[in-house]
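Listed below, chain by chain, are the residues.
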Amino acid sequence: MSRDDASMPGAIPEGAEHPDLRFMRAALEEAARAHAAGEVPVGAVVVRDGEIVGRGWNRPIGSHDPSAHAEIGALRDAAARLGNYRLPGCELYVTLEPCAMCAGAIQHARIARVVWGAADPKTGACGSVVDLFAEPRLNHHARSIGGVMAAECAGTLQAFFAERRALVRARRGRGDGSDGTQRAARGTGGSVAPIEQRDPSDPDDPPDPAIGIAPD
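Predicted model, so just to flag it, every value in this text is computed and none were measured. All residue numbers here refer to positions counted from 1 along the written sequence of the relevant chain. In keeping with the predicted nature of the model, local features appear solely for residues at pLDDT of at least 70, side-chain atom pairs appear and are counted solely at 80 or more, and the whole-chain, interface and lining totals rest on all residues. By convention in this description, side-chain values take in all heavy atoms of the structure and omit both hydrogens and water.

A. How the structure looks around the packing of aromatic side chains. Two aromatic rings from Phe, Tyr or Trp, using only the six-membered ring of Trp, form a pair when their centres are within 6.5 Å; if the ring planes differ by under 30 degrees the pair is stacked, by over 60 it is edge-to-face, and anything between is tilted. This model, assessed by the stated rule, comprises two aromatic pairs. With 5.4 Å between their ring centres and 50° between their planes, phenylalanine 23 and tyrosine 93 make a pair best called tilted. Residue phenylalanine 23 is located in helix α1 (residues 19-36), and its partner tyrosine 93 is located in strand β3 (residues 91-96); the two are separated by 70 residues in the primary sequence. Remark: exposure states derive from per-residue accessible area (1.4 Å probe, protein chains only) relative to the maximum for the residue type, with buried under 20%, exposed over 50%, and partly exposed in between. The class for phenylalanine 23 is buried, based on a relative accessible area of 3%. Taking 5.0 Å as the distance between ring centres and 85° as the angle between the ring planes, the aromatic pair formed by phenylalanine 160 and phenylalanine 161 counts as edge-to-face. Relative accessible area serves as the criterion here: at 7%, phenylalanine 161 is assigned to the buried category. Between the NZ or CZ atom of arginine 59 and the centre of the ring of tryptophan 57, over which it lies, the distance is 3.9 Å. The way it works is that DSSP assigns letters per residue, a run of H or I at least four long becomes a helix, a run of E at least two long becomes a strand, and they are numbered from the N terminus. When the NZ atom of lysine or the CZ atom of arginine is within 6 Å of a ring's centre and also within 35 degrees of its normal, the charge is said to sit over that ring.

B. Spotlight on helix α3 (residues 70-82). Take the residue count of a helix, subtract one, and multiply by 1.5 Å to get its expected span. With 13 residues, α3 extends 18 Å between its outermost C-alpha atoms, agreeing within 8% with the 18 Å of an ideal straight helix rising 1.5 Å per residue. The inward-facing, buried residues of α3 abut β1 (43-48), β2 (51-57), β3 and α4 (100-109). Glycine 83, located one to two residues past α3, shows a positive phi value of around 70°. Residue contacts follow a heavy-atom distance rule, with two residues in contact if any of their heavy atoms lie within 4.5 Å.

Right under this line is the structure:
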């Protein structure tokens, strides 16, 4: 995964908030919307010339759409607002390292720069598993900057799954089955690895409430 020191907070005037922090906070606001809807809390925004032109939050469960990741939602919103499926000169901020699907969409949209928060050691396509933006055979290469507000982004995910594990324990106690939500294997050092949605009809496959890691 790549980093650009000039993009990090130390390169800005004292007392001013770095734009990367401001826009990542906006992405975290979108993640909160996903959390409120019972979706895994990942949020994204697209920025052009210092202004947010697209917003998206993770919603595959509610929309019954496996492609409805936060990045895809933000790209669609920006493309509709700007009237162009290409988004040259735009930047995308997302709270979790993009997967291969989202990295591909980012490349097709011609996003110039991707800034992400928590690393995803299971499906991350910006260096954790593969680095599609560094693949020389591809015809577009967005700059990828990871680890911005990583602790806050990972903490949002960890809090969500802690709530879900508590719900599983409570429902186990009442004997009424599982919670039917998405689940995740939690990493360390600001990384969280999402796992596909579990089968809500299978009460024998809940997340492990002791460590928060659901079996693959």
